[in-house]
Each structure stands twice: as C-alpha cells, then as structure tokens.
Amino acid sequence: MSTPQAIAPPIRVLVVEDDPLAADAHALYVGRVPGFTVAGVVHSRADASQFLKRTAVDLLLLDLYLPDGHGLQLVRSLRSAGHTADVIAVTSARDLAVVREGVSLGVVQYVLKPFTFATLRDRLVRYAEFRAVVGEASGQDEVDRALAALRAPQPAALPKGLSLDTLQAITEVLRGAGPEGVSSGAAAATVGISRITARRYLEHLVTGGRAARAPQYGQIGRPELRYRWLSRR
C-alpha cells in the first residue's frame, strides 16, 4: 500500500499596490491560481512593513511606485531585517537599470502593466515550479533547468493578422474549458470576435502543439470541431 504524499501548503502572497482597484484585481488573480493564497493586501510601503512584522509570507506581488517610497526601497529594508520572501515586481517602469537593481535584491520576476490574468498566472506557475525544486543538484544541467523555470519563453512571431492580446484571450478560454474543450463559436462569443477569427487563433494553437482538435458527433449533420488545451506554456 502506497504512502499518501503530503500536500504542500499554499504559497502565501502579499499584494502591495497603491491603487485600490488594481490591488483588488491582483488579489483576485492570485486567488484564482491553484497553490496560491492571498495573505493580505496593502497600499503603501509603511503598511507592507507593518504587515510583515506580524505575518509571514512567501511572496510579495509588489508595485514599484508607492506613495511613500519606491518598492525597491521596501525590498532593501526587508533584506536588511532578514526577510527572505521572494518578490515579483508589478510595474509600468521599463528602466532596465531598475530591473538590474531589483535582480540584485532578489526580485525573481517582472510583470509589466497592464497585464492579463494569463500573464500573471504564467509567472506564478513558473515561480511555483522553481520553488518546488529541492535537494542537491546532480550537475550543471539540473541547476540550469531549475533556473529556467523562472524564465518565460521567447514569444514566437505571430502570423499576419493575429494579435497577442486576442491570442491570450482565446488561450484563457481554452484553459478554462477543461477536458471537454470548446467550439470556435463558443470561443468567439466569449471573446467578442467572429467565429472565423476565433478559428484562426484556435488553429494557430493547434499548429503550435498547444491545443488539439477533434470532431464531436451529436446532432444530425456535420460534426462540430472542439478544441482542447494541451499545455501550460
């Protein structure tokens, strides 16, 4: 009889964002990703410091522009105080000098505003995979694989006429459809595009190996094609 494996506790996330609407949206996104839980939501550097004095967290989802100081100042003070929580920076800043400084302080991911749920979910899933790696590496290849979990793949060039935003929306519909899949018509209605356009995006995902299609036989007439998500990439 096999011994049941222990279920890992959820990763506790503190959302630090000065805009209340954005903070609520980020917390909602985090709560929708399996394996993560929102430990709290604060709107300033001072509130984050006070929260962390009384509550342990694993990860900060951190806006860099706070009303009482830069987010990296918060990270610097936390490191000086011995806090080891990881940080995913959420920001509209595109200054690579800030990115380099963040990396030196232990920022493991950057998510540029505005972003979709699919984008944040991808970063959180990659972080969870990185965090789950334990034990001693057998060699350089294993170390490289562990670090690669944090890096998003380079996006492939889209065919002419396809946009990344619509592709992400179609991808989210597919992921949410589960094993039964979704038709091009249903995907089109959800996203708000034509059925022909939705089918182009679905076929693009099939060609890339990220989705599969199969006919569904039911009513009299031609079978309906249904598309099913295959990958978490």
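Criteria and cut-off values
- Counting from 1, residues in each chain are numbered in the order their sequence is written.
- Reporting of local features is limited, given that this is a predicted model, to residues whose pLDDT is at least 70; pairs of side-chain atoms are given and counted only at 80 or more, and all residues count toward the totals for whole chains, interfaces and linings.
- Just so you know, side-chain values use all the structure's heavy atoms and leave hydrogens and water out.
- Criterion used throughout: strands pair if DSSP finds at least two bridges between them.
- Segments assigned H or I by DSSP are reported as helices when at least four residues long, segments assigned E as strands when at least two residues long, and all are numbered from the N terminus.
- Contact definition: two residues touch when any of their heavy atoms are within 4.5 Å.
- A fitted line through C-alpha atoms serves as each axis, taken over the contacting stretch for helices, and the angle formed by two N-to-C directions is quoted from 0 to 180°.
- Nonpolar cores were defined as sets of buried Ala, Val, Leu, Ile, Met, Phe, Trp, Tyr and Cys residues, with membership established by side-chain atoms within 4.5 Å.
- Buried, partly exposed and exposed residues are distinguished by accessible area as a fraction of the type maximum, computed with a 1.4 Å probe on protein chains only: under 20%, between the cut-offs, and over 50%, respectively.
- What counts as a ring pair is set by centres within 6.5 Å for rings of Phe, Tyr and Trp (its six-membered ring), and what kind of pair is set by the plane angle: stacked under 30 degrees, edge-to-face over 60, tilted for all other angles.
- Should the NZ of a Lys or the CZ of an Arg lie within 6 Å of a ring centre and within 35 degrees of the ring normal, that charge is described as sitting over the ring.
- By this rule the span expected of a helix is its residue count minus one, scaled by 1.5 Å.
- To be clear, the arc concerns the directions from the helix axis to the C-beta atoms.
- Pairing of N or O atoms within 3.5 Å defines a polar contact, subject to two protein rules: one partner must be a possible hydrogen donor and the other a possible acceptor, and residues neighboring in sequence count only if both atoms are side-chain atoms.

### Some points on the sheet that holds strand β8 (residues 182-183)
Strand pairing in a sheet is mediated by backbone hydrogen bonds. Such pairs are either parallel or antiparallel.
Right, on to step 1. Within the open sheet, the three strands sit side by side as β8-β10-β9. Their pairing is antiparallel. Every other strand in the sheet has two partners, leaving β8 and β9 (211-216) as the edge strands with one partner each.
Right, on to step 2. In the sheet, β8 pairs with strand β10 (residues 224-229) via two bridges, with the strands oriented antiparallel. The residue of β10 that forms the bridge with V182 is Y227.
Right, on to step 3. Strand contacts of helix α7 (residues 164-177): β8, β9 and β10, with the helix running at about 90° to β10, the strand carrying the most contacts.
Right, on to step 4. Packed on one face of the sheet, helix α9 (residues 195-207) meets β9 and β10 and runs near 55° to β10.

### Focus on the nonpolar core
Generally speaking, soluble globular proteins have nonpolar side chains that are buried together.
Right, on to step 1. Ranked by internal contacts, the top residues of the largest apolar core, which has 22 residues, are L14, L60 and L62.
Right, on to step 2. At the level of secondary structure, the elements contributing two or more residues to this core comprise β1 (11-16), α2 (45-54), β3 (59-63), α3 (71-80), β6 (86-91) and β7 (107-112).
Right, on to step 3. Looking at this core element by element, the count peaks at four residues for α3.
Right, on to step 4. Look past the residues within four positions of L60 in its chain and what remains in contact with it is L14, L52, L74, L78, A85, D86, V87 and I88.
Right, on to step 5. In this structure, A27, V33, V111 and Y127 belong to the second largest nonpolar core, which totals 19 residues.

### A few points about the sheet that holds β6
Right, on to step 1. Reading across from one edge, β2-β1-β3-β6-β7 is the order of the five strands in this open sheet, with parallel pairing throughout. Here the strands that pair on one side only, and so sit at the sheet edges, are β2 (36-42) and β7. Between one strand axis and the next, the sheet turns by 20° as a mean value, whatever way the strands run.
Right, on to step 2. Note that β1 and β3 share four bridges and pair parallel. Within the sheet, the bridge partner assigned to V16 lies in β3 and is L62.
Right, on to step 3. Across the sheet, α2 lies against β1, β2 and β3, angled at about 130° from β2, the strand it touches most.
Right, on to step 4. Running at roughly 150° to β3, α3 makes contact with β3, β6 and β7 of the sheet.

### Focus on the packing of aromatic side chains
Right, on to step 1. Per the counting criterion, the structure on display carries one aromatic pair.
Right, on to step 2. Ring plane angle 50° and centroid distance 5.4 Å describe the contact between Y29 and F117, whose orientation is recorded as tilted. On the criterion of sequence distance, the pair formed by Y29 in helix α1 (residues 20-31) and F117 in helix α5 (residues 117-132) is long-range, its members being 88 residues apart.
Right, on to step 3. Given the relative accessible area of 5%, F117 is considered buried.
Right, on to step 4. When the ring centre of F117 is taken as origin, the NZ or CZ atom of R32, which lies over that ring, is 3.9 Å away.

### Quick look at the environment of V33
Right, on to step 1. Positionally, V33 belongs in the loop between α1 and β2.
Right, on to step 2. C-alpha of V33 to C-alpha of F117: the two residues are 84 residues apart in sequence and 9.5 Å apart in space.
Right, on to step 3. Those residues in contact with V33 that lie beyond four places of it in its chain are F117, R121, L124 and V125.

### Structural notes on α1
Right, on to step 1. End to end, α1 covers 16 Å across 12 residues, agreeing with the expected 16 Å (1.5 Å per residue, within 8%).
Right, on to step 2. Turning to α1, its buried residues are A22, A23, H26, A27, Y29 and V30. Each buried residue of α1 lies within a common arc of 160° when the element is viewed along its axis, so the set occupies one face. Set apart from the buried face of α1 by more than 90 degrees, the exposed residues are L21 and L28.
Right, on to step 3. Contacts from the buried residues of α1 go to β1, β2, β3, β6 and α5.
Right, on to step 4. Measuring from the backbone nitrogen of L21 back to the side-chain oxygen at the start of α1 gives 3.0 Å, which picks out D19 as the cap.

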